[in-house]
Amino acid sequence: MVMNDWHVAAVSSQVNSNGQYAGWLPCMQWCTRVFDQGADVTGRNVWRYESEGVFLFENEADRTAFLLRWA
């Protein structure tokens, strides 16, 4: 799905290794690590956390990588 030129991905909240609710923080931390602090070389964001498990990606390939990791 594309929304305002962003590629949309939605995932369920996560549980940590102790079985405790972790929300979407692990997904956000992964995106920050993998997508270089969320910005490209121009300083423009290439991903965003919208809300309640909805993430937006500028590049479809980044969305695919995210879904392969978290879906």
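Residues numbered from 1 in each chain as written. Predicted model: local features only at pLDDT ≥ 70, side-chain atom pairs only at ≥ 80, totals over all residues. Heavy atoms only, no water.

## A word on the pattern of salt bridges
At step 1: Applying the stated criterion across every chain yields a total of 2 salt bridges.
At step 2: A salt bridge links Arg-48 to Glu-50, with the shortest nitrogen-to-oxygen separation between them at 3.4 Å.
At step 3: The exposure class of Arg-48 is partly exposed, given its relative accessible area of 33%.
At step 4: In this structure, Arg-63 and Glu-60 form a salt bridge, with 3.8 Å as the shortest nitrogen-oxygen distance. Within this pair, Arg-63 and its partner Glu-60 are both found in helix α2 (residues 60-70), separated by 3 residues, close to a single helical turn.
At step 5: For Arg-63, a relative accessible area of 16% gives the class buried.
At step 6: Under the relative-accessibility criterion, Glu-60 is labelled partly exposed at 44%. (Salt bridge = Lys/Arg side-chain N within 4 Å of Asp/Glu carboxyl O. Buried < 20%, exposed > 50% of the residue type's maximum accessible area, 1.4 Å probe, protein only. Helix = DSSP H or I, 4+ residues; strand = E, 2+ residues; numbered from the N terminus.)

## Details of α2
At step 1: When α2 is considered as a whole, its buried residues turn out to be Asp-62, Arg-63, Phe-66 and Trp-70. Summarising the axial view, the buried residues of α2 lie within an arc of 100 degrees, below the 170-degree limit, and thus occupy one face. The exposed residues of α2 that point more than 90 degrees off its buried face are Ala-61 and Leu-68.
At step 2: Buried residues along α2 sit in contact with β2 (6-10), β3 (14-15), α1 (25-34) and β6 (54-57). (Arc of directions from axis to C-beta. Contact = heavy atoms within 4.5 Å.)

## Examining the nonpolar core
At step 1: Formed by 13 residues in total, the largest nonpolar core has its most connected members in Cys-31, Phe-55, Phe-57 and Phe-66.
At step 2: Of all the secondary-structure elements, those providing two or more residues to this core are α1, β6 and α2.
At step 3: At 3 residues, the largest contribution of residues to this core is made by α1.
At step 4: Sequence-distant contacts of Phe-57, that is, excluding residues within four places in its chain, are made with Trp-6, His-7, Ala-9, Cys-31, Phe-35, Val-46, Trp-47, Asp-62, Arg-63 and Phe-66. (Core = buried A, V, L, I, M, F, W, Y, C linked by side-chain atoms within 4.5 Å.)

## Quick look at the packing of α1 against α2
At step 1: Relative to each other, α1 and α2 sit at 140 degrees, their axes nearing to 11 Å. Taken as axis vectors, α1 and α2 run oblique relative to one another. Between α1 and α2 lies a crossing of right-handed hand. From α1, Pro-26, Cys-27, Trp-30 and Cys-31 reach across to α2, where they touch Ala-65, Phe-66, Arg-69 and Trp-70.
At step 2: Taken together, the residues of the contact of α1 with α2 break down into 7 nonpolar, no polar and 1 charged. (Axes fitted to C-alpha atoms, helices over the stretch in contact; angles between N-to-C directions. Parallel < 35°, antiparallel > 145°, perpendicular 65-115°, else oblique. Left-handed = near helix turned anticlockwise from the far one by under 90°. Nonpolar A, V, L, I, M, F, W, Y, C, P; charged D, E, K, R; others polar.)

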